[in-house]
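Understanding the architecture of this molecule
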Amino acid sequence: MPEPTPLQTLLDTLPQRGRVEWIGIRPARGEPMQAIERVAITPGTGLEGDRFTGRETSKRQVTLIQHEHLHTIGSFLQREAIEPEVFRRNIVVSGLNLLALKGKTFRIGSVVLEYTGQCHPCSKMETTLGPGGYNAMRGHGGITARVVDGGEVALGDEVQALLTSSQA
C-alpha cells in the first residue's frame, strides 16, 4: 500500500469528538418535528418513528447538522440562534466539523453511520426562515448519512470518526 500524501494525512486526522445536542423525528410529511431524548436507528429505515421510508441503499437515512451552525445561520439573518427543529434534520452535533467526516464512517452512541453527502437547503427554507433563508443556509445545511450498524443514539452521546484500514 502506498504511503498517504500529506493532504490525505491531514484529511484522515480527526481526533476531535462531538456530542449529540438534539434529536428529532418527523412523524409525517409537513408535521412539526418532535424532539426526543433517545432513538433506535436501523439500517434501511433510519430513525424509529421518522417518516423516512427509503431503502437500505438510500444515502439519506439520517440527516445531521452542526450546533454551531444554528448560530451562524441566525446571524446571517440578523437573528439569534435558530431552533434545530426549523431545519428538519434528525441529529444536531456540537464540537466536530461534520464536513470533516467526508469519506468516513463514524459512530454515534452504538450506531455506525457512513457519510454520504452534504444536506443542502431546500426552497422551503426561504418560507420557513424568511427572505434570504435559503442563502443563509448554503454551506451550513449539514450532512446525510447511511446506517451501517444500527443501535441507539441518545442526547449527550459521543460522535467519533472511525479509523479506516489505511489509518490502522
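For the structure itself, look to the data block above.
To keep things clear, this report deals only with the structure shown in the data block. Note that the structure is a prediction, hence the values are computed from the model and not measured. (Residues numbered from 1 in each chain as written. Predicted model: local features only at pLDDT ≥ 70, side-chain atom pairs only at ≥ 80, totals over all residues. Heavy atoms only, no water.)

**Considering unusual backbone geometry**
At Gln-78, a position not held by glycine, the phi torsion is positive, near 55°. A relative accessible area of 70% means that Gln-78 is categorised as exposed. A positive phi angle, close to 60°, is found at Arg-88, a residue other than glycine. Its location among the elements puts Arg-88 in the loop between α2 (67-76) and β6 (91-94). (Buried < 20%, exposed > 50% of the residue type's maximum accessible area, 1.4 Å probe, protein only. Helix = DSSP H or I, 4+ residues; strand = E, 2+ residues; numbered from the N terminus.)

**Section: the environment of Leu-155**
As for its placement among the helices and strands, Leu-155 is situated in the loop between β10 (151-154) and β11 (158-161). The spacing of Leu-155 and Arg-19 is 136 residues in sequence and 7.9 Å in space, taken between C-alpha atoms. Not counting residues up to four positions away in its chain, the partners in contact with Leu-155 are Val-20, Glu-21, Trp-22, Ile-23, Ile-36 and Glu-37. (Contact = heavy atoms within 4.5 Å.)

**Section: the nonpolar core**
The biggest cluster of nonpolar side chains holds 25 residues, and the ones touching the most others in it are Ile-41, Leu-64, Ile-91, Leu-101, Phe-106 and Ile-108. Looking at this core, the elements with two or more residues in it are β1 (18-25), β3 (38-42), β5 (62-66), β6, β7 (105-108), β8 (111-118), β9 (143-149) and β11. Ranked by size, the runner-up nonpolar core spans 13 residues in total, among them Met-33, Ile-73, Phe-87 and Leu-129. (Core = buried A, V, L, I, M, F, W, Y, C linked by side-chain atoms within 4.5 Å.)

**Let's talk about the pairing of β11**
Only one face of β11 is buried, namely the one carrying Val-159 and Ala-161, since none of Glu-158 and Gln-160 on the opposite face is buried. As defined by bridge partners, β1 adjoins β11 across 2 bridges and the pair is classed as antiparallel. Along β11, the bridge assignment pairs Arg-19 with Glu-158. With 3 bridges connecting them, β7 and β11 associate as antiparallel partners. Note that in β11 the partner of Arg-107 across the bridge is Gln-160. (Pairing = 2+ DSSP bridges.)

**Let's talk about the environment of Phe-87**
By the secondary structure assignment, Phe-87 is in the loop between α2 and β6. By relative accessible area, Phe-87 is classed as buried at 0%. Along the backbone, Phe-87 and Lys-124 are 37 residues apart, and their C-alpha atoms lie at a distance of 9.7 Å. If sequence neighbours within four positions are ignored, Phe-87 has contacts with Ile-65, Leu-70, Ile-73, Ile-82, Met-125, Leu-129 and Met-137.

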